[in-house]
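So you can see what is in the structure, the chains are spelled out below.
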Amino acid sequence: MTEKTVRSEGERSVAIGGSAQGNIILTGDILIQTITQGIRTLPTNYATKIENFIHAYLGTPQEPVPFGGRDAALRSLNTWLEDPNAPPRLLLTAPAGRGKSALLVRWLAALEQETLEKVFVPISIRYETNLASVTFASLAARLAIAHGEKVSSDTNTPDEIWKGLAADYLRRPLPDGRRLLVVLDGLDEAANWDVTPALFPHNLPPGLRLVVSARLTADRPTAEAWLRALGWERLPTYRLSLEALDKPGVADVLQKMGVPLDQLARNIDLVAELHRLSEGDPLLVKLYVQDLWQKGDAATRLKPQDLRDIHPGYEGYFEKWWEDQRRLWGKEHPLRERTVQEVFNLLATAMGALTNDDLLTLADPAVLLDCAQALSDLAAHLPPDLLPEALTAAREIRYADARARALSALVPRLAELPKSQAYPLWAETLPILAGRTRRDLLSDLGALVPLIAALGGEQAFTETARAIQ
């Protein structure tokens, strides 16, 4: 069994013919086209969920997603893939927030080999791909296309049949001598099914490389525990883990964001402060870097001493966030703070997604009567990848007027998302906004014009006019 623990390195990537971020977006679009082949033809189309997952980790040129400090890990993945004598299985494990999904999506987006067939199935609670019906149907459909076979169109196909079909495809080499790379990301988020030794064939055909990733949990706190769950403890498996980012890794994240944050990467003292605050946690690094990105050119005036009074870790980040919110809310901050804190407390202790009905049942009713106002207040400050969830929560608000008020605050932000992701969300939300009085809806249009234009102009304006009528 081969084991490698990867520590972060601050090496730069090299972009040919444009920025690294722009190249990633371009290759990400190609990746989505490849990864969703076959899945779009299923009776239930799960491709959009997978597409949104990939977009969340690649971002857009206007709203790049921070990523860096993982050049050593990317090299390890490439070396394993190209080494004919390497084990055919790879297990990637790390604690929550270390960037396993980001690493795998970036790696897949950068792989450009015509003889390599790529299959990627994210198992995600947030993007609702963690049920057996989604995971195994998507895996089997994508494998069918890779083998040149037709995807089943039977809407009544049981999960176990999809699982069996996927296992059967994994026993067979691809035709024409092509290689096959299969990546299942996030085994720890599986719902209504669990990892067992029967999940994958023990005898893999030539040309197949299999990657799985999982978070270290209370039930499976080590890589060895995941190997036992998979039945791989005696099978040749390459093991990869991710450490926290070091200072060069934090600098690399800033560098790869491009102008203007690349200037901050050269400020050693500032990088040291960001590393102290984030403790090298990639998720916290991402939050701080996204905040800096929103400041634009003003971020370049940031000094190390501006950060020295902030406590390290998530506590310090949210203390600073609350201070900013209190200034924004002004005299109304006691009411706003109570509502948002109640929602945060419930979400922080939940074992899964909460619907509006769940919130109304669990929370202080006096607080959650203002839940719609809380969403409205947060609308301008949410990261783009959280907008779909916020819209879902707003659409589930029980009271029609409050529901429309929250949606009207959130919908303009959809212009920040890729068109393929924004349009379905807009189409789902427009009928609810149209349920407001004509006067209220017309008052929303000024804020909605940039979104309508971004969605394609004439068609979107036509649908809006129809809704007003």
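Report on the accompanying structure. All of these numbers come straight from a predicted model, not from anything done at the bench. (Residues numbered from 1 in each chain as written. Predicted model: local features only at pLDDT ≥ 70, side-chain atom pairs only at ≥ 80, totals over all residues. Heavy atoms only, no water.)

Evaluated as defined, the whole model comprises eleven aromatic pairs. Measuring from ring centre to ring centre gives 4.9 Å for phenylalanine 136 and tryptophan 193, while their planes differ by 65 degrees; the resulting arrangement is edge-to-face. Pair noted here: phenylalanine 136 is in helix α5 (residues 132–146) and tryptophan 193 is in the loop between β4 (179–185) and β5 (208–215), with a separation of 57 residues, a long-range link. Relative accessible area serves as the criterion here: at 12%, tryptophan 193 is assigned to the buried category. For the ring pair tryptophan 321 and tryptophan 322, a centre distance of 5.1 Å and an interplane angle of 75 degrees mean the geometry is edge-to-face. Of the two residues, tryptophan 321 and tryptophan 322, both sit in the buried class. (Phe/Tyr/Trp six-rings, centres within 6.5 Å; stacked < 30°, edge-to-face > 60°. Helix = DSSP H or I, 4+ residues; strand = E, 2+ residues; numbered from the N terminus. Buried < 20%, exposed > 50% of the residue type's maximum accessible area, 1.4 Å probe, protein only.)

The next thing to look at is the pairing of strand β6 (residues 237–242). With respect to burial, β6 is a largely interior element, six of its six residues being buried. Of the two faces of β6, the one holding Thr237, Arg239 and Ser241 and the one holding Tyr238, Leu240 and Leu242 are both buried throughout. Pairing of strand β2 (residues 89–94) with β6, which is carried by five bridges, proceeds in the parallel orientation. Bridging across to β6, leucine 90 finds its partner in tyrosine 238. (Pairing = 2+ DSSP bridges.)

A separate point is the side chain of arginine 70. With respect to the element layout, arginine 70 can be found in the loop between α2 (47–58) and α3 (71–82). Buried within the structure, arginine 70 lacks any salt-bridge partner; its nearest side chain of opposite charge belongs to aspartate 246, at an N-O separation of 7.8 Å. At 3.1 Å, the side chain of arginine 70 and the backbone oxygen of arginine 98 are in polar contact. (Lys, Arg positive; Asp, Glu negative; His and termini not counted. Salt bridge = Lys/Arg side-chain N within 4 Å of Asp/Glu carboxyl O. Polar contact = N/O pair within 3.5 Å; in protein donor to acceptor, adjacent residues only side chain to side chain.)

Attention shifts here to the packing of helix α9 (residues 268–278) against helix α10 (residues 282–294). The packing of two helices is summarised by the inter-axis angle and the distance between the axes. Between α9 and α10, the least distance of the axes is 9 Å, while the angle of their chain directions is 130 degrees. Considering the angle they form, α9 stands oblique to α10. Every pair of crossing elements has a handedness; the one defined by α9 and α10 is right-handed. Contacts between α9 and α10 involve Leu274, Leu277 and Ser278 from the first element and Leu284, Val285, Tyr288 and Leu292 from the second. Each residue belonging to the contact of α9 with α10 can be placed in one class, and the counts come to six nonpolar, one polar and no charged. (Axes fitted to C-alpha atoms, helices over the stretch in contact; angles between N-to-C directions. Parallel < 35°, antiparallel > 145°, perpendicular 65-115°, else oblique. Left-handed = near helix turned anticlockwise from the far one by under 90°. Contact = heavy atoms within 4.5 Å. Nonpolar A, V, L, I, M, F, W, Y, C, P; charged D, E, K, R; others polar.)

Attention shifts here to the packing of α2 against helix α4 (residues 100–110). One way to put it is that α2 packs onto α4 with a least axis distance of 9 Å and a crossing angle of 95 degrees. Here α2 lies roughly perpendicular to α4, going by the angle between them. Taken together, the residues of α4 that come into contact with α2 (itself represented by Phe53, Ile54, Tyr57 and Leu58) are Ser101, Ala102, Val105, Arg106 and Ala109. Of the residues assigned to the contact of α2 with α4, the class counts are seven nonpolar, one polar and one charged.

Before going further, it helps to spend a moment on the environment of proline 88. Position of proline 88 relative to the elements: it lies in the loop between α3 and β2. Separated by 116 residues in sequence, proline 88 and leucine 204 place their C-alpha atoms 7.6 Å apart. Among residues more than four places away in sequence, those in contact with proline 88 are Trp80, Leu204, Leu208, Arg209, Leu210 and Pro236.

Counted residue by residue, β2 has six buried out of six residues, so it is predominantly covered. Taking every second residue as pointing to the same face, both faces of β2 are buried, with Arg89, Leu91 and Thr93 on one and Leu90, Leu92 and Ala94 on the other.

Let's shift gears to the pattern of salt bridges. In the structure shown here, the tally under the stated rule is 16 salt bridges. Ionic pairing is found between lysine 256 and aspartate 71, a salt bridge with its closest N-O pair at 2.9 Å. Of this pair, lysine 256 sits in helix α8 (residues 247–257) while aspartate 71 sits in helix α3, and the two are 185 residues apart along the sequence. Each member of the pair, lysine 256 together with aspartate 71, is buried. A salt bridge links glutamate 117 to arginine 178, with the shortest nitrogen-to-oxygen separation between them at 2.6 Å. In this pair, glutamate 117 sits in strand β3 (residues 116–122) while arginine 178 sits in the loop between α6 (159–170) and β4, placing the two residues 61 residues apart along the sequence. Judged by its relative accessible area of 14%, glutamate 117 is buried. Several salt bridges converge on common partners, so that one network encompasses Asp71, Asp252 and Lys256.

The terminal C-alpha atoms of α3 lie 16 Å apart, and with twelve residues this matches the ideal 16 Å at 1.5 Å per residue to within 8%. Regarding α3, the residues found buried are Asp71, Ala72, Ala73, Leu74, Ser76, Leu77, Trp80 and Leu81. (Expected span 1.5 Å × (residues − 1).)

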